[in-house]
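If you want the building blocks of each chain, they are given just below.
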Amino acid sequence: MSAQPDGPQGPLIPMPDLTPDALRAAVARIAPSRIPALTQHLFEATTNAQQTQSLAPLRAFIHSWAVFIAIERHPERAARLRELERIVDTAEQDPTTVIDEIQQIRKTAEAEAGL
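Quantities reported herein were computed from a predicted structural model and do not represent experimental measurements. (Residues numbered from 1 in each chain as written. Predicted model: local features only at pLDDT ≥ 70, side-chain atom pairs only at ≥ 80, totals over all residues. Heavy atoms only, no water.)

The next subject is the overall build of the chain. Helix and strand counts for the chain come out as five helices and zero strands. Listing each helix as α and each strand as β along the chain from the N terminus yields α-α-α-α-α. Projected onto its principal axes, the C-alpha positions of the chain cover 45 × 35 × 25 Å. Looking at the chain as a whole, 33% of its 115 residues are labelled buried. Nonlocal contacts in the chain, meaning residues at least 24 apart in sequence, comprise 52% of its contacts between residues at least 6 apart. (Helix = DSSP H or I, 4+ residues; strand = E, 2+ residues; numbered from the N terminus. Buried < 20%, exposed > 50% of the residue type's maximum accessible area, 1.4 Å probe, protein only. Contact = heavy atoms within 4.5 Å.)

A few words now on the nonpolar core. Formed by 28 residues in total, the largest nonpolar core has its most connected members in Leu23, Phe61, Trp65, Ile69 and Ile71. With nine residues, helix H3 (residues 56–72) is the single largest residue contributor to this core. Setting aside its immediate chain neighbours within four residues, Trp65 contacts Leu23, Val27, Arg34, Ala37, Leu38 and His41. (Core = buried A, V, L, I, M, F, W, Y, C linked by side-chain atoms within 4.5 Å.)

Contact geometry for H3 and helix H5 (residues 95–113): axes closest at 8 Å, N-to-C directions at 105 degrees. Judged on the interaxial angle alone, H5 and H3 are roughly perpendicular. On H5, the residues touching His63, Ala66, Val67, Ala70 and Ile71 of H3 are Ile105, Arg106, Ala109, Glu110, Glu112 and Ala113. In terms of residue class, the contact of H3 with H5 is built from seven nonpolar, one polar and three charged. (Axes fitted to C-alpha atoms, helices over the stretch in contact; angles between N-to-C directions. Parallel < 35°, antiparallel > 145°, perpendicular 65-115°, else oblique. Nonpolar A, V, L, I, M, F, W, Y, C, P; charged D, E, K, R; others polar.)

By secondary structure assignment, the location of Arg86 is in helix H4 (residues 75–90). Since its relative accessible area comes to 35%, Arg86 is described here as partly exposed.

The residue His41 is located in helix H2 (residues 35–52) in this model. Judged by its relative accessible area of 24%, His41 falls in the partly exposed class. For His41 and Pro57, which are 16 residues apart along the polypeptide, the C-alpha to C-alpha distance reads 9.5 Å. Those residues within four positions of His41 in sequence are excluded, and the remaining contacts are Ala60, Phe61, Ser64 and Trp65.

Attention now goes to the packing of aromatic side chains. Within this structure, the stated rule accounts for one aromatic pair. Residues Trp65 and Phe68 carry aromatic rings whose centres are separated by 5.2 Å and whose planes lie at 70 degrees to one another, so their mutual orientation is edge-to-face. In this pair, Trp65 and Phe68 are both assigned in helix H3, three residues apart and thus about one turn of the helix distant. Looking at Phe68, the relative accessible area reads 16%, which means it is buried. (Phe/Tyr/Trp six-rings, centres within 6.5 Å; stacked < 30°, edge-to-face > 60°.)

Printed below as a string of structure tokens:
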């Protein structure tokens, strides 16, 4: 895992290496209830990779979970994303600026993850 400073409180955990084992360990620390979903996604990605003889499903797995971790390791960022998603789901307001902010959160997470 590589350290990523983040203000006075910092992230809950360092950003892990982009391997299934490191991602699983990170999820176990910050969102243990999501381990079954990660395990299922990895199983499906492995099966699809074998069937298609392509690494694309495994790359998608790594990307998805690395972004999830990059967001969730910052509780305020994760809470803001959930609030923005709720706003979009309930159609409380014009979603244009809300979607822009969601995209920015995801871009920041991708950059932190090195994607």
